[in-house]
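Observations on chain architecture
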Amino acid sequence: MLVPSLFTDNFVNDWFNDAFNTTPTLFKASGSSLMSADVKEYKDHYELSLELPGYKKEDVNASLKDGYLTIEAKREDKKDDSEDEAHFIRRERYVGTLERTFYVGEDVKQEDIKAKFDNGVLEINIPKVQAKPEVDTAQNIAIE
């Protein structure tokens with residue numbers, strides 16, 4: 001059985017990815033670097049807080065499938081008529097889709113997860129669910 005990975009640290013993966021990445025940092029963007037997450041553990045639930053500054057509630061989607069909670073945020077490039085007269089010299093705002101996935105366990109149900117979005121922060125409460133003990137289903141075969 002997999003253990004929920006809400007509070008694991010990907011230090012080794014991040015270190016190897018960063019050490020061997022030849023992309024200049026100015027152009028590098030990923031869900032984990034632009035969607036910072038904090039996880040708190042309580043007696044009966046976990047609280048996941050994700051920073052999404054500049055995003056609106058309708059730009060954010062959370063889904064649960066096979067025990068994986070996926071948070072996705074989309075930001076589209078806004079075209080104005082004034083762009084015909086001016087051009088960007090530098091543009092640092094991220095445009096595109098960000099996604100983060102957390103394993104919360106296969107026993108967690110969608111209706112038990114509560115989410116709230118306020119001032120660019122998405123707060124998600126995930127209940128702790130006791131893992132069901134595996135039942136030994138082995139059957140003895142009668143030998144004649």
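In this report, the structure presented in the accompanying data block is examined. (Residues numbered from 1 in each chain as written. Predicted model: local features only at pLDDT ≥ 70, side-chain atom pairs only at ≥ 80, totals over all residues. Heavy atoms only, no water.)

Structural notes on the overall build of the protein
Helix and strand content of the protein: two helices and seven strands. The order of helices and strands in the protein, counted from the N terminus, is α-α-β-β-β-β-β-β-β. Residue burial in the protein is summarised as follows: out of 144 residues, 20% are buried. By sequence separation, contacts in the protein at least 24 residues apart represent 61% of the contacts at least 6 residues apart. Summing over all exposed atoms, the protein offers an accessible surface of approximately 11,900 Å²; the carbon and sulfur share of this is 48%. (Helix = DSSP H or I, 4+ residues; strand = E, 2+ residues; numbered from the N terminus. Buried < 20%, exposed > 50% of the residue type's maximum accessible area, 1.4 Å probe, protein only. Contact = heavy atoms within 4.5 Å. Areas by Shrake-Rupley, 256 points an atom, 1.4 Å probe, with all protein chains shown as cover.)

As for the sheet that holds strand E7 (residues 121-127)
Pairing is antiparallel across the open sheet formed by four strands, whose spatial order is E1-E2-E7-E6. In the strand order of this sheet, the two ends are held by strand E1 (37-41) and strand E6 (114-118), each with one partner. For this sheet the average axis-to-axis angle between neighbouring strands, irrespective of direction, equals 15 degrees. Where E6 lies against E7, five bridges are found, and the strand directions are antiparallel. (Pairing = 2+ DSSP bridges. Axes fitted to C-alpha atoms, helices over the stretch in contact; angles between N-to-C directions.)

Some thoughts on unusual backbone geometry
Even without being glycine, aspartate 66 reaches a positive phi, approximately 55 degrees. Aspartate 66 sits in the exposed class, given a relative accessible area of 58%. Its identity as a non-glycine residue notwithstanding, asparagine 119 has a phi of 50 degrees, on the positive side.

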